[in-house]
Amino acid sequence: MSAFLLTGGRVIDPATGRDETADVLIRDGVITGIGKRLDTKGAETIDVAGAVVSPGFVDLHTHVREPGREDEETIASASAAAAAGGFTAICAMPNTDPVADSAAVVEKVWALGREAGLVEVMVAGALSKNLEGKKMADIGEMVRSFARVRLFTDDGHGVQDALFVRRTMEYLVAFDAIYAEHCEDAALAEGGQMHEGERSAALGLRGIPAEAEELMAVRDLALAKLTGCRLHLLHISTAGTVELVRRAKAEGVTVTAEATPHHFSLTDDALGDYDPNAKVNPPLRTEEDRAAIVAGLADGTIDAIATDHAPHADHEKDQELLYAPPGMIGLETALGLGITNLVEPGHLGLPVLIDRMATAPARILGLAGQGSLVEGGPANVTVFDPAAKWIVDPTTMHSKSRNTPVLGTELHGKVVHVFFRGTHTVTDGRVASEALV
Ligand SMILES: [Zn+2]
């Protein structure tokens, strides 16, 4: 088997509080030593001085598009994009075709993830049959399947019926599973193309008010309190939702929240030239909202950064804003956006960024062996150069899709090496099994 010695890097592990210059020894898939005088016999030495050695990142929110839209992304191409972005685990959203609302579909996605072998592919199950918000999906069956589903969501839609939410939360409690909501009141959001505000008025586009998200967050927080169910709020985007989560946590509600790199990096200004690549759901909001997301990530109100990686085919995005589907890709730019827009301006330090990208999401999903660097644990390790500058180049990305408004921008912070269960999946920035994808 293989052995690697990473020498001279800054080892940061939020799970243990470690932040020091040290060597890391990986042998036969396991971290066998962190420190100075290690038994390095037979190990390949990789000099990582000046770089950060971190737990592999964990993405709570990835649209892999398989089954159903393999022209936009496959589990293999999403895995390659994830590895390139420094991830060692992703959670595949269930809005595929067919929908992941049964054991058969979640097991298929899980098996394809294992076959790709570049990251751990966790599968999220649907809350309702066919994401219709009416009849409960086969939740117990999915929990007990090989995929061992822990997080359930109708992402892409908010669940509109409060009684359905209550009953489903009561059911999920028995499995200690997570109810994850895409907070959006359908009636308030109907026909909206972007955030409702001065910008949408100036552009003459119908908007989605902040309240479409906040009303559903209020309802779900109340029902989580009532039922004791673990609630996770997906991609929160408004200052009001951040404040609601802050208050609910203070009251002891079992809630966690995530925010996306695009919501902490961009505002509705990005829609100024009607760029379909800046259309996303929930929409890019105002500067005040963006600042509240940043503050929420810094103080821990928002637990995790999640990409909401949502690939779309060129022919679908290359049309008028009104007809273009919402969503943008994000796996390969998440670290760069985090360092450029959170760390460099001084909003948070690297250990906190790593917590939000690796340790906290692993904890939320209950993923043993991810999100930490411990001797004797599986070697899920990412090495990145926080100072490296690079341009987001569509020709070198691993996703099958290119829909992101940050193409051509300069980001700081680049992934250099990734080890997934000790396998060297990314070497000098190149995904090792590219030929297989
Ligand atoms: Zn969503």
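None of the values given here were measured: they were computed from a predicted structure.

**Student:** Explanation requested: the domain arrangement of the chain in the structure shown.
**Tutor:** Many structure descriptions define interface size as the accessible area lost when the parts assemble. You can read the domains of the chain as domain 1 (3-53 + 377-435) and domain 2 (56-365). Between domain 1 and domain 2, the C-alpha centre-to-centre distance is 25 Å. With 38 residues of domain 1 at the contact, the number on the domain 2 side is 47 residues. In total, domain 1 and domain 2 occlude about 3,300 Å² of area from one another, counting both sides; carbon and sulfur atoms represent 66% of this. Looking at the side of domain 1 facing domain 2, the largest losses of area belong to Lys400, Asn403 and Pro405, adding up to 20% of the total buried there. Summed over the shared surface of domain 1 and domain 2, the number is 1 salt bridge. Across the domain 1-domain 2 interface, the total number found is 15 residue pairs in polar contact (both at pLDDT 80 or more). Elements with a minimum of two residues in the side of domain 1 that touches domain 2: β1 (3-13), β16 (381-391), β17 (410-420) and β18 (423-427). It is β17 that contributes the most residues to the side of domain 1 that touches domain 2, 8 residues altogether. Its residues assigned to classes, the side of domain 1 that touches domain 2 shows 19 nonpolar, 12 polar and 7 charged.

**Student:** Can you help me understand the pairing of strand β7 (residues 87-92) in this one?
**Tutor:** Each regular strand displays side chains that alternate between the two surfaces of the sheet. Counting buried positions over the 6 residues of β7 gives 6, a clear majority of the element. Examined bridge by bridge, strand β6 (residues 57-62) and β7 share 4 bridges and lie parallel to one another. Bridging from a neighbouring strand, Thr62 pairs with Ala92 of β7. Read from β6 through helix α1 (residues 75-84) to β7, the crossover connection turns out right-handed. Bridge count for β7 against strand β8 (residues 120-123) is 4 bridges, and the pairing is parallel. Each residue of the ladder has a partner; that of Cys91, found in β8, is Met122. Handedness of the crossover is the feature at issue here: the chain leaves β7, passes through helix α2 (residues 103-116), returns alongside β8, and the resulting connection is right-handed.

Basis of the calculations
Residues numbered from 1 in each chain as written. Predicted model: local features only at pLDDT ≥ 70, side-chain atom pairs only at ≥ 80, totals over all residues. Heavy atoms only, no water. Domains from an automatic or database assignment. Contact = heavy atoms within 4.5 Å. Buried area = accessible area lost by both parts, 1.4 Å probe. Salt bridge = Lys/Arg side-chain N within 4 Å of Asp/Glu carboxyl O. Polar contact = N/O pair within 3.5 Å; in protein donor to acceptor, adjacent residues only side chain to side chain. Helix = DSSP H or I, 4+ residues; strand = E, 2+ residues; numbered from the N terminus. Nonpolar A, V, L, I, M, F, W, Y, C, P; charged D, E, K, R; others polar. Buried < 20%, exposed > 50% of the residue type's maximum accessible area, 1.4 Å probe, protein only. Pairing = 2+ DSSP bridges. Right-handed = clockwise from strand over helix to strand, strands pointing away.

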